[in-house]
Amino acid sequence: MTTTTLTAGFRPVLLLTGAYAALSVLTLAVIVLFRNHPAVVTDAVWVRATLVVASSLLTFGFARSAARGSRKGLLRLRIVSAVMLVAIAVIVALPGLFPLWLRLEQGVCGLLLLGVTVLITRRRAR
């Protein structure tokens, strides 16, 4: 397979991980805008959003690496997407720890990562 073929086959994964990164960065920007509203932006929200931005950018980088044919990139993508999917499921399920708006945003991130996880575990991705 050529690099162009690999990248084309990974296009949905790149779109999903790119959307995950974009949504995470956008969420952090909204948090910055509402930083003076403690009912909306708590310390836990700051910490969670910062970690999610970092992991989403790593996830996108791993997807790009995997799209270029890197086995290590694909392995890293599998691990990070699965771990973050579990972490997001816990965040969404725990009542009271985070505001509803963040839990909803994390739910959308979880759906994006679920798509990534399904696509990269298919036999064709290997």
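Numbering of residues starts from 1 in each chain and follows the order in which that chain's sequence is written. Two thresholds apply to this predicted model, a pLDDT of at least 70 for residue-level local features and 80 or more for giving and counting side-chain atom pairs, whereas whole-chain, interface and lining totals are computed over all residues. The basis for every side-chain value is the complete set of non-hydrogen atoms in the structure, without hydrogens or water.

Trainee: Would you take a moment to explain the overall build of the protein chain for this structure?
Mentor: Helix and strand assignments come from DSSP, with helices taken as H or I runs of at least 4 residues and strands as E runs of at least 2, each series counted from the N terminus. A tally of regular secondary structure across the protein chain gives five helices and zero strands. Overall, the protein chain shows an N-to-C arrangement of helices and strands of α-α-α-α-α. When the backbone C-alpha atoms are referred to their principal axes, the protein chain occupies close to 50 × 25 × 20 Å. A buried classification covers 35% of the 126 residues belonging to the protein chain. Only heavy atoms enter the contact rule, under which two residues are in contact if any of them lie within 4.5 Å. Within the protein chain, contacts between residues at least 6 apart in sequence are counted, and of these 72% link residues at least 24 apart. Partly exposed residues are those whose accessible area sits between 20% and 50% of the maximum for their type, while under 20% is buried and over 50% is exposed, using a 1.4 Å probe and protein chains only.

Trainee: Explain the side chain of Thr17 here, please?
Mentor: Positionally, Thr17 belongs in helix α2 (residues 11-33). Polar contacts here mean pairs of N or O atoms no more than 3.5 Å apart (in protein, one a potential hydrogen donor and the other a potential acceptor; neighbouring residues in sequence count only if both atoms are side-chain atoms). In this structure the side chain of Thr17 is engaged in a polar contact, spanning 3.2 Å, whose partner is the backbone oxygen of Leu14. If near-sequence neighbours (up to four positions away) are discounted, Thr17 is found in contact with Thr59, Phe60, Ala63, Leu77 and Val116.

Trainee: I keep staring at the confidence of the model for the protein chain and nothing clicks. Help me out?
Mentor: Interpretation of this model should avoid reading the predicted coordinates in detail wherever pLDDT is low. For the protein chain, the mean per-residue pLDDT works out to 91, and 91% of the residues sit at or above 70. Within the protein chain, the element-level pLDDT minimum falls on helix α1 (residues 3-9), averaging 63, and the maximum on α2, averaging 97. Each residue carries a pLDDT score, the predictor's confidence in it, ranging from 0 to 100.

Trainee: How should I be thinking about the packing of α2 against helix α3 (residues 43-67) in this particular structure?
Mentor: Packed helix pairs are specified by the crossing angle of their axes together with the interaxial distance, meaning the distance between the axes. Here an angle of 0 to 180 degrees is reported between the N-to-C directions of two axes, which are lines fitted to C-alpha atoms, with helices fitted over the stretch in contact. Between α2 and α3, the shortest axis-to-axis distance is 9 Å and the interhelical angle comes to 155 degrees. One element, α2, and the other, α3, form an angle in the roughly antiparallel class. Taken as a pair, α2 and α3 cross one another with a handedness that is left-handed. Among the residues making up the contact of α2 with α3, the classes are represented as 17 nonpolar, seven polar and one charged. An angle counts as roughly parallel when it lies under 35 degrees, as roughly antiparallel when it exceeds 145, as roughly perpendicular when it falls between 65 and 115, and as oblique in every other case. Each helix crossing is assigned a hand: it is left-handed if the near helix lies turned anticlockwise from the far helix by less than a right angle, otherwise right-handed if that turn is clockwise. Gly is put with the polar residues, along with every residue not named as nonpolar or charged; the nonpolar set is Ala, Val, Leu, Ile, Met, Phe, Trp, Tyr, Cys and Pro, and the charged set is Asp, Glu, Lys and Arg.

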